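Residues per chain are reported as follows:
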Amino acid sequence: GGVFRLRNVQLTRSGQAGNFGRYSSHWHHYTMAGRNIDIINGASYLKDNVYRDTFQRAVVVHGTDYATVTGNVAYRAKGHNFFTEEGPERYALFEGNLAVAAVPHPILLGDDSTPAGFWIPGFTGWHRHNLAVGCANGWKLNVQAGAGARQSGMDFHNNSAHACGFGWRLFPPHQPPTPNVFGTFVAFRCSTCMFYYSSGNLNHLDHRFIECGRAIHLNHYMNGLHAAPFFTDLVLVGSIDPSARSANAGSPAIHSPKDDEHWLVSGMHVSNYHDSAVLFGCFQTACTMRYERTVWVNSTRRTTSTGPLSGIFHDLDGTLTGFPNGWVSGDKAFNHWEDGVCIAGDSRFVDGLACGLADGSLRLRRLFVHDAEPWQLDGKDLLVTTPAGTDRVAFDTKTFGWHVYAIA
């Protein structure tokens, strides 16, 4: 066989825009042809090259294991820049690469109109010390059926996205078959730092989201109760200007899943969000979101419960509410107890009610009322009365019932 080595080369206006497979550089089916010997242990590589104003991508790895792609720069390359094509590819190393200003491509894949610096077909490969700047997506995971969906064990560590539409984006929904751990990831001034339409089996360590329009958006969460925290030691920065009196980031910072009970963040440092709310979620089912080990610096609005429906924040250790095993729910008069169990009007919890006891014994749960008879009650407000007060609960047309915050 032969080996493929390219180093210290500038490629300009390379690739053929309308001809699939005519990429600027391309590994094609080495593994399927039984030629791992020609590529393993760095025998073949793309190192320290520049791809500038290309007509189709920069680097493509297709049907090949052990590809080495290090120290390369893609600038104004059309379509997804560093591209792992189909899903069977294993052990591809992308390290120390830079993707800048990826250019939309109208005649490749459907999502090439919003190109990524790094595009992957599943949780595969080693991505370390890479940077995407000014791309529609820094990283895009678009799962491919078959081998792509079966991939797991992705090594993702110390990567960054600056001024991208999405720092990391997973769409359509996909969960790797086994747990994956992501190391440090920094997203700076992206519209959305990290977006998952639906996923799970993931633990993100030491992620830092700075001045983003939205730090985190996860629509659906697939994990169960005893899964690892989705984020561990998360850092959110609303403004890097020490003299600022308002955040340069959007609010809320975290838009957690709308319909799952098992969201957990363990360790979160929030700085300079000032009067912009940080936490929101469970807006469709009033489910419970768990937080612990939180630190708040120059950030006076911790949660928001604004809207016809919002979730329950469970403070596991008192660092969110001041109560160990404390809670924040939407503000309803039927929970305005006079014994101080719940505190109304606390500006840290926008449209919320903080509840708890010093010994941590209080419980707050969602009571879901549905299948009422006669059926003509559907669509009407539910009037809830306790000795503490009376308030209305709107009928939820998504789940077809009423979600009531109940203290136990």
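Our subject is the structure that appears above.
Residues numbered from 1 in each chain as written. Predicted model: local features only at pLDDT ≥ 70, side-chain atom pairs only at ≥ 80, totals over all residues. Heavy atoms only, no water.

## Description of the overall build of the protein chain
No. 1: On a plain count of helices and strands, the protein chain comes out with one helix and 39 strands.
No. 2: With respect to the principal axes defined by its C-alpha atoms, the protein chain has extents near 80 × 55 × 35 Å.
No. 3: Pairs at least 24 residues apart make up 69% of the contacts formed inside the protein chain by residues separated by at least 6 positions.
No. 4: Carbon together with sulfur atoms contributes 53% to the accessible area of the protein chain, which is approximately 16,300 Å² in total.
No. 5: The average position of the 32 basic charges and that of the 34 acidic charges among the side chains of the protein chain differ by 9 Å. (Helix = DSSP H or I, 4+ residues; strand = E, 2+ residues; numbered from the N terminus. Contact = heavy atoms within 4.5 Å. Areas by Shrake-Rupley, 256 points an atom, 1.4 Å probe, with all protein chains shown as cover. Lys, Arg positive; Asp, Glu negative; His and termini not counted. Charge placed at Lys NZ, Arg CZ, Asp CG, Glu CD.)

## A word on the pattern of salt bridges
No. 1: Tallied over the full model, the rule gives 13 salt bridges.
No. 2: With a closest N to O distance of 3.8 Å, glutamate 95 and arginine 128 form a salt bridge. On the criterion of sequence distance, the pair formed by glutamate 95 in strand β10 (residues 93-95) and arginine 128 in strand β13 (residues 126-128) is long-range, its members being 33 residues apart.
No. 3: Measuring nitrogen to oxygen at the nearest pair gives 3.1 Å for the salt bridge that ties lysine 140 to aspartate 111. With a gap of 29 residues between them, lysine 140 in strand β15 (residues 137-141) and aspartate 111 in the loop between β11 (98-100) and β12 (116-120) connect regions that are remote in the sequence.
No. 4: Connected through salt bridges with shared partners, the residues Arg52, Asp53 and Arg76 form a single ionic network. (Salt bridge = Lys/Arg side-chain N within 4 Å of Asp/Glu carboxyl O.)

## Observations concerning unusual backbone geometry
Working note: non-glycine residues mostly have negative phi, and peptide bonds are mostly trans.
No. 1: Residue proline 172 is reached from phenylalanine 171 by a cis peptide bond, and omega for that bond is 5 degrees.
No. 2: Locating proline 172 in the fold gives a position in the loop between β18 (166-170) and β19 (180-182).
No. 3: With omega at 0 degrees, the peptide bond leading from glutamate 373 into proline 374 counts as cis.
No. 4: Among the structural elements, proline 374 can be located in the loop between β36 (364-370) and β37 (382-386).
No. 5: A positive phi is found at asparagine 158, a non-glycine position, where the angle reads about 55 degrees.
No. 6: Here asparagine 158 lies in the loop between β16 (155-157) and β17 (159-162).
No. 7: Judged by its relative accessible area of 34%, asparagine 158 falls in the partly exposed class. (Buried < 20%, exposed > 50% of the residue type's maximum accessible area, 1.4 Å probe, protein only.)

## Considering the packing of aromatic side chains
No. 1: Enumeration according to the criterion identifies 27 aromatic pairs in this entry.
No. 2: Considering the side-chain rings of phenylalanine 4 and tryptophan 27, the 5.2 Å spacing of their centres and the 65 degrees angle between planes classify their relative orientation as edge-to-face. Of the two residues, phenylalanine 4 is situated in the segment before β1 (5-7) and tryptophan 27 in strand β3 (residues 26-28); the sequence distance between them amounts to 23 residues.
No. 3: What makes tryptophan 27 buried here is its relative accessible area of 0%.
No. 4: For arginine 57, the ring lying beneath its charged end belongs to phenylalanine 83, and the centroid distance is 4.0 Å. (Phe/Tyr/Trp six-rings, centres within 6.5 Å; stacked < 30°, edge-to-face > 60°. Lys NZ or Arg CZ within 6 Å of the ring centre and 35° of its normal.)

## Digging into the state of the cysteines
No. 1: A complete count under the given rule lists three disulfides for this structure.
No. 2: Each disulfide pairs two cysteine sulfurs, and for cysteine 282 the partner residue is cysteine 287, the sulfurs being separated by 1.9 Å. Of note, the bridge from cysteine 282 to cysteine 287 carries an S-S torsion of about -95 degrees and is left-handed in sense.
No. 3: Residue classification places cysteine 282 among the buried residues on the basis of a relative accessible area of 0%.
No. 4: When its relative accessible area of 1% is taken as the criterion, cysteine 287 is described as buried.
No. 5: Disulfides within the protein chain link the bonded cysteines, taken in sequence order, as 1-2, 3-4, 5-6. (Disulfide = S-S within 2.5 Å.)

## Remarks on the side chain of asparagine 201
No. 1: Looking at where asparagine 201 falls in the secondary structure, it is placed in the loop between β21 (192-199) and β22 (202-205).
No. 2: On the basis of relative accessible area, asparagine 201 is assigned to the buried category, the value being 18%.
No. 3: Among all residues touching asparagine 201, those that are not within four sequence positions of it are Gln175, Pro176, Pro177, Thr178, Pro179, Asn180 and Asn223.

## Overview of the side chain of threonine 84
No. 1: Along the chain, threonine 84 falls in strand β9 (residues 82-84).
No. 2: Once you skip the residues sitting within four places of it in the chain, threonine 84 turns out to touch Val61, Glu89, Phe94, Trp119, Ile120 and Pro121.

## Quick word on the environment of histidine 220
No. 1: Here histidine 220 is to be found in strand β24 (residues 214-221).
No. 2: With 24 residues separating them along the chain, histidine 220 and tyrosine 196 place their C-alpha atoms 7.9 Å apart.
No. 3: When residues no more than four places from it in sequence are discounted, the contact partners of histidine 220 are Tyr197, Ser198, Ser199, Pro257, Lys258 and Asp259.
No. 4: Here asparagine 219 takes part through its side chain, which lies 3.4 Å from a polar atom of the side chain of histidine 220. (Polar contact = N/O pair within 3.5 Å; in protein donor to acceptor, adjacent residues only side chain to side chain.)

## Side note on the environment of glycine 238
No. 1: Following the sequence through the fold, glycine 238 ends up in the loop between β25 (231-237) and β26 (254-256).
No. 2: We classify glycine 238 as buried; its relative accessible area is 0%.
No. 3: Once the C-alpha coordinates of glycine 238 and leucine 205 are considered, the two residues, 33 residues apart in sequence, prove to be 20 Å apart.
No. 4: Dropping the residues within four chain positions of it, glycine 238 is found in contact with Glu211, Ala247, Asn248, Ala249, Ser271, Asn272 and Tyr273.

## Things to note about the nonpolar core
No. 1: Core analysis: the largest hydrophobic core is formed by 71 residues, its most contacted members being Trp168, Phe209, Leu236, Trp263 and Met268.
No. 2: Per-element tally for this core: the top contributor is strand β27 (residues 263-274), with five residues.
No. 3: In this structure tryptophan 263 touches Ile216, Leu218, Tyr221, Phe230, Phe231, Ile254, Ser256, Pro257, Thr288, Met289, Arg290 and Tyr291, once residues within four positions along its chain are discounted.
No. 4: In this structure, Leu309, Ile312, Val341 and Tyr405 belong to the second largest nonpolar core, which totals 11 residues. (Core = buried A, V, L, I, M, F, W, Y, C linked by side-chain atoms within 4.5 Å.)

## Points about the pairing of strand β31 (residues 312-315)
No. 1: Burial along β31 is two-sided: the face carrying Ile312 and His314 and the face carrying Phe313 and Asp315 are both buried.
No. 2: Both strand β29 (residues 288-299) and β31 contribute to a ladder of four bridges, which runs parallel. Bridging from a neighbouring strand, tyrosine 291 pairs with aspartate 315 of β31.
No. 3: In terms of strand pairing, β31 meets strand β32 (residues 326-330) through three bridges, oriented antiparallel. Counterpart to histidine 314 in the pairing with β32 is tryptophan 327. (Pairing = 2+ DSSP bridges.)

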